[in-house]
Amino acid sequence: MSHSAKATFPRTQNSASAFLSRRAPAWLACLLASLFACAVGNAQDLSRQQMQGLDEQVQEIKSEVLDIAAELSLLEEQLLYPSNTQVALFVALAEDRPFRLDSVQLRINGELVAHHIYSAKELEALEKGGVQRIFTGNVPSGEHQLEVAVAGKSGGNDFSEEGVFSFSKTVSPRLVGITLAAPGAGDAAIKVGNW
Amino acid sequence: MKRPLTSLLMLGLSACAVAAPHAGEAPRDLYFDEALYHASQGRYFEALERLDAELGQHYRLDEPALDSLHPYINRAEFSVGDFELRYRMHHRAGRAIQAVLEGDVDDAVRNEAAYRLARIHFQKDQPEAALQALERISGRIPAPIREDVEFLRANVLMATGRSAEAVEVLDRLQGAEGLKGFSAYNLGIALLQDGRKAEALEQLDKAGRIKGLQQEGLAVRDKSNLVLGALLIESSEFGLAQAALDRVRMEGPYSNQALLSAGWADASAENFERALVPWSLLAERELTDAAVQEAVLALPYAYSQLSVHGQAAQLYGRAVEIFGDELDKVDASVRHIREGRFLEVLVREEIRQNKDWVIRLRSLPETPETFYLMSLMASHDFQTALQNYLDLEDLRKKLTAWHSSFDAFEDMIAHRRAYYEPRLPGLDGDFRELDSRIRLRLEQRERIHQRLYGMLTAPRPDYLATADERVLLETIAGLESQLGEVNSPDEAALKWRVQRLKGLLRWDLETEYHERFTEAHENLAELEQVIDAMEAQYQSFVRTRQAAMHSYVGYDTQIERLRRRVRLAQDELQVLMARQGHLLETVAVNELSERRQRLEAYQGQARYAFADSYDRAAKLQAEEDAAGAAEAADGAGADEAEGAG
């Protein structure tokens, strides 16, 4: 058969070194080039200029949409939560007594306003000092009752805790902070404060 | 399932008043902390939206020092830059950090800002600018970033070709615990770039033996060993290369390349029998990987070198089939991409929720387009372009939702207008009437107040007469005027009686003056309370009236402007998404085309080699058969000769 003579892949023991001298260095150069490029933080050159041009436009539109979002938030606040009736409830975790928070349920004047089950990501965000706005709504001026029910796990045990608090609403927006901690020696696991 | 011990700790249901912040404790800035909450979950758009608004409000205040953000203002400024950077808004991030750099801040803050700015430039592939930013660092550097600054400096020096200086910096970082593995590997590469190959090999050998590394560090250690192995093969140090490659973990991200290299190290030393081991292992792995495909072809090659042509022919035959199947996959992938399915897959929410989503794509049977794109998708440029596309998709969803909310807003406003407009004129009329009565009463109250105040210095008992007494006094005054001059004893007697009555009344007024004065003050105080309540109610009505008006008046222009902005942004976004998507598809198709060409070449090679090996195996078999026949014939001839003899 004559076709075997045209094969580019080696056929005989004698051609092996010729194959390697032709093939292995190319493979090595390719491998080394890719590895070295990563070492110094340079990226592959994939239509780079085109991508960079688009990247700049993407940044511009992000900026524009952020501006729209800011104006829209203002409009929403004016329309939906005017300051004379606005109340916002926030949840934070106490730094000194951490625990695994599973859920929070909130009632204002007996009416359920929020029931949140926490994902791992949300819990991590709270543990890093983040504060969650769990509810924004409207209540009339005057005294109101806030009921907080918390479920979680502390020291390997499930626990649930409830508390009833009062807050007063004036003509200004009311920001109420709920700080949660593991149940422990005398200190309340739920603290509610004016923020 | 029974739950573990449940401690139900019920607080008493007595209502507790909301507590004020602890004295001496800086109050939290809720909006900043809310931004951190979003940022910690990777929701940088929401984080930026909150923090931008909070910073804008802070700087508009007359006395920002009284604002709750004031104690955290430097952190907030940094965070804005940081969030922008993470949201791939390098321009804005650069400006935010530049503003911190130019502000009146201490060394630590300025140095951290300079470091972040340098990082931005380096990420944008602007090493010279990164170096300039790093050169601004002087004085105290915050401890958590001290080593990172030097590591970045080394990387920037390498990127600018100043390898010798990078070597010095990296040399100093060898004890840095946080950079263990990374600094060792980069030192090896810097030495290599500087032309000091022997030292580079020694350093990479060290980097490849580091113990006690975390997951990322282990990957870098594998990479060190892989590079070292490749360099040693290049220097024909096959034994040493093999030792380095053996240190690469079998389950790590570089194990396929290491197995392939190990096979080549053996093959280069013409030890084909040993090359069979790594290549056999590799050939059983995921077939879309380029190293695995090369092993599929290298394995029968090794057999052919060992003259096991039958096995070689069988494996070449299998390779032809495999490459045919893979070509079908690549063709299907290209077809799917051209039908737009690649982009559909990339924006799938359930895939994006998982941080290893790119890897998970391979396990989805309906996504052949992603099978061959793993290495492409791992590249920085592709990742940036892909992330931009995903960000654009998120923006598109937001804009669509916002656009539909304008109709809802207008609907709400129309309902409010329909409710309030017919009622307000009547209410306003009632209010005006009430208002005039209120004003009248307030004036009366003011007069009483003034009168009582004057009586403190000039007592006027008559002012404190009761209504009956005032009637009597007026009657007496009338009688007195009727009597006029006394002209007769009867008239004198009458006048005397009138005087007596008048005296009696005055007696009461004078003797009871202090009690009456005190009582008048008490009554006035009570009146004040009623007036206060009335004024509160008055203000409440005015506010409610204003709120009613504000609930539907004055939004039309604002909504129309926002609607226009959203529409324009949607149009712009659509064009940009199409271009970004097209670019991603083009890059993906190009990558697949390259892989296709390579597969075609492999298949061609396998086909020819299969025929060649088959020929050789057949020839060998024929030779063996002929030898066997000759031997048999020789045996038969000898028997015949023996029989004839």
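Treat the numbers as computed from the prediction; the structure is a model and nothing was measured.

A.B. asks: Residues and numbers for the overall build of chain B, please.
C.D. replies: The secondary structure content of chain B amounts to 25 helices and two strands. Projected onto its principal axes, the C-alpha positions of chain B cover 210 × 60 × 55 Å. Evaluated residue by residue, chain B yields a buried proportion of 33% over its 645 residues. In chain B, once contacts between residues fewer than 6 apart in sequence are set aside, the share between residues at least 24 apart is 59%.

A.B. asks: Go over the overall build of chain A, please, and point to the residues and values.
C.D. replies: Within chain A, the regular secondary structure consists of three helices and eight strands. Per-residue burial over chain A gives 29% buried out of 195 residues. Long-range contacts, defined as pairs at least 24 residues apart, comprise 64% of the intrachain contacts of chain A with a sequence gap of at least 6.

A.B. asks: Any details on helix H2 (residues 44-60) of chain B? Residues and values, ideally.
C.D. replies: Its 17 residues place the ends of H2(B) 24 Å apart at the C-alpha level, agreeing with the 24 Å of an ideal helix rising 1.5 Å per residue. Restricting attention to buried positions, one finds in H2(B) the residues B:Tyr44, B:Phe45, B:Ala47, B:Leu48, B:Glu49, B:Arg50, B:Leu51, B:Glu54 and B:Leu55. Lining the buried residues of H2(B) we find helix H2 (48-80) of chain A together with helix H1 (30-40) and helix H3 (73-86) of chain B.

A.B. asks: Got a sec to walk through unusual backbone geometry? Specific residues and values, please.
C.D. replies: Although it is not a glycine, A:Asn109 adopts a positive phi angle of roughly 50 degrees. Within the fold, A:Asn109 resides in the loop between strand S2 (100-108) and strand S3 (111-117). For A:Asn109, a count of 11 C-beta atoms within 10 Å corresponds to the exposed category. Phi angles above zero are rare outside glycine, and B:Glu270 is one such case at about 60 degrees. A count of 14 C-beta atoms within 10 Å places B:Glu270 in the partly exposed class.

A.B. asks: Could you give me a rundown of the sheet that holds strand S8 (residues 190-194) of chain A, with the residues and numbers involved?
C.D. replies: Residues and elements named next belong to chain A. Taken in spatial order, the four strands make up an open sheet running S4-S1-S7-S8, and their pairing is mixed. A single partner strand is all that each edge strand has here, and the edge strands are strand S4 (132-138) and S8. In this sheet, neighbouring strand axes are inclined to one another by 20 degrees on average, regardless of whether the strands run parallel or antiparallel. Here strand S1 (residues 86-93) pairs with S4 via six bridges, running antiparallel. Within the sheet, the bridge partner assigned to Leu89 lies in S4 and is Phe135.

A.B. asks: How would you summarise the packing of helix H9 (residues 182-193) of chain B against helix H11 (residues 215-234) of chain B if you had to cite specific residues and measurements?
C.D. replies: Working note: a packed helix pair is described by the angle between its axes plus the distance between those axes. Residue and element names in this part refer to chain B. Between H9 and H11, whose axes approach to 9 Å, the crossing angle comes to 25 degrees. If you check the angle between H9 and H11, you find them roughly parallel. As H9 runs across H11, the sense of the crossing is left-handed. Side by side, H9 and H11 meet where Phe182, Tyr185 and Gly188 of the first sit next to Val220, Lys223 and Ser224 of the second. Of the residues assigned to the contact of H9 with H11, the class counts are three nonpolar, two polar and one charged.

A.B. asks: Please provide a residue-by-residue account of the nonpolar core, values included.
C.D. replies: Among the nonpolar cores identified, the biggest contains 172 residues, and B:Ala118, B:Ala295, B:Leu299 and B:Ala302 are the most heavily contacted of them. In terms of residue count, helix H25 (residues 556-644) of chain B provides more of this core than any other element does, 16 residues in total.

A.B. asks: Break down the domain arrangement of chain B for me, with residues and values.
C.D. replies: Here chain B is partitioned into domain 1 (30-263) and domain 2 (416-552). Each of domain 1 of chain B and domain 2 of chain B was reduced to a C-alpha centroid, and the two centroids are 82 Å apart.

A.B. asks: Go over the confidence of the model for chain A with me, naming the residues and quoting the values.
C.D. replies: Atom-level detail of predicted coordinates should not be read off regions where pLDDT is low. Residue and element names in this part refer to chain A. Summarising the model, chain A shows a mean pLDDT of 78, and 74% of its residues fall at 70 or more. Averaged over each element, pLDDT in chain A is lowest for helix H1 (residues 16-39) (46) and highest for S3 (96). Low pLDDT (under 50) marks residues 1-26, which in the prediction has 30 contacts with non-local residues, meaning those over four places away or in another chain. Note that residues 37-44 has pLDDT below 50 and, in this model, 17 contacts with residues that lie over four places away or in other chains.

A.B. asks: Please set out the pairing of strand S5 (residues 142-154) of chain A residue by residue, giving values where relevant.
C.D. replies: Along any regular strand the residues' side chains alternate between the sheet's two faces. Residues and elements named next belong to chain A. The pairing of S2 with S5 spans eight bridges and is classified as antiparallel. Bridge pairing in S5 places Leu101 opposite Gly152. Between S5 and strand S6 (residues 157-169), which pair antiparallel in sequence order, lie two residues; one of them, Gly155, sits at a positive phi of approximately 55 degrees.

A.B. asks: Describe the confidence of the model for chain B, listing the residues and the values that go with them.
C.D. replies: Residue and element names in this part refer to chain B. Per-residue confidence for chain B gives a mean pLDDT of 86; residues scoring 70 or more make up 91%. A low-confidence stretch, residues 1-24 stays under pLDDT 50, and its non-local contacts, those more than four residues away or across chains, total 40 contacts. With pTM at 0.72, the complex prediction returns an ipTM value of 0.80.

A.B. asks: Could you give me a rundown of the environment of B:Tyr513, with the residues and numbers involved?
C.D. replies: Residue and element names in this part refer to chain B. On the secondary structure map, Tyr513 appears in helix H24 (residues 513-550). Measuring from C-alpha to C-alpha, the distance between Tyr513 and Leu464 comes to 7.3 Å, with 49 residues separating the pair along the chain. In this view, Tyr513 contacts Pro459, Pro461 and Leu464; residues no more than four positions away in its chain are not counted.

A.B. asks: Give a detailed account of the packing of helix H6 (residues 127-135) of chain B against helix H7 (residues 143-159) of chain B, specifying residues and quantitative values.
C.D. replies: Residue and element names in this part refer to chain B. Direction vectors running N to C along H6 and H7 enclose 145 degrees, while the axes themselves pass 9 Å from each other. In this structure, H6 crosses over H7, and the sense of that crossing is left-handed. Packed against H6, whose contacting residues are Pro127, Ala130, Leu131 and Leu134, the element H7 presents Leu152, Arg153, Val156 and Ala159 at the interface. For the contact of H6 with H7, a count of residues per class yields seven nonpolar, no polar and one charged.

A.B. asks: Lay out the environment of B:Phe151 in plain terms, naming residues and giving numbers.
C.D. replies: All names here are of chain B. By secondary structure assignment, the location of Phe151 is in helix H7. Expressed as a C-alpha distance, the spacing of Phe151 and Asp615, which sit 464 residues apart in the sequence, is 59 Å. Other than its neighbours up to four places away in sequence, Phe151 contacts Leu173, Leu179 and Ser183.

A.B. asks: Residue-level account of the environment of B:Ala267, with values.
C.D. replies: Along the polypeptide, B:Ala267 turns up in helix H13 (residues 255-268). Residues B:Ala267 and B:Ala302 lie 35 residues apart in sequence; the distance between their C-alpha atoms is 7.6 Å.

The rules behind these values
Residues numbered from 1 in each chain as written. Chains lettered and ligands numbered in written order. Predicted model: local features only at pLDDT ≥ 70, side-chain atom pairs only at ≥ 80, totals over all residues. Helix = DSSP H or I, 4+ residues; strand = E, 2+ residues; numbered from the N terminus. Buried ≥ 20, exposed ≤ 12 C-beta atoms within 10 Å, placed from the backbone. Contact = placed C-beta atoms within 7 Å. Expected span 1.5 Å × (residues − 1). Pairing = 2+ DSSP bridges. Axes fitted to C-alpha atoms, helices over the stretch in contact; angles between N-to-C directions. Parallel < 35°, antiparallel > 145°, perpendicular 65-115°, else oblique. Left-handed = near helix turned anticlockwise from the far one by under 90°. Nonpolar A, V, L, I, M, F, W, Y, C, P; charged D, E, K, R; others polar. Core = buried A, V, L, I, M, F, W, Y, C linked by C-beta atoms within 7 Å. Domains from an automatic or database assignment. pLDDT = per-residue confidence, 0-100.

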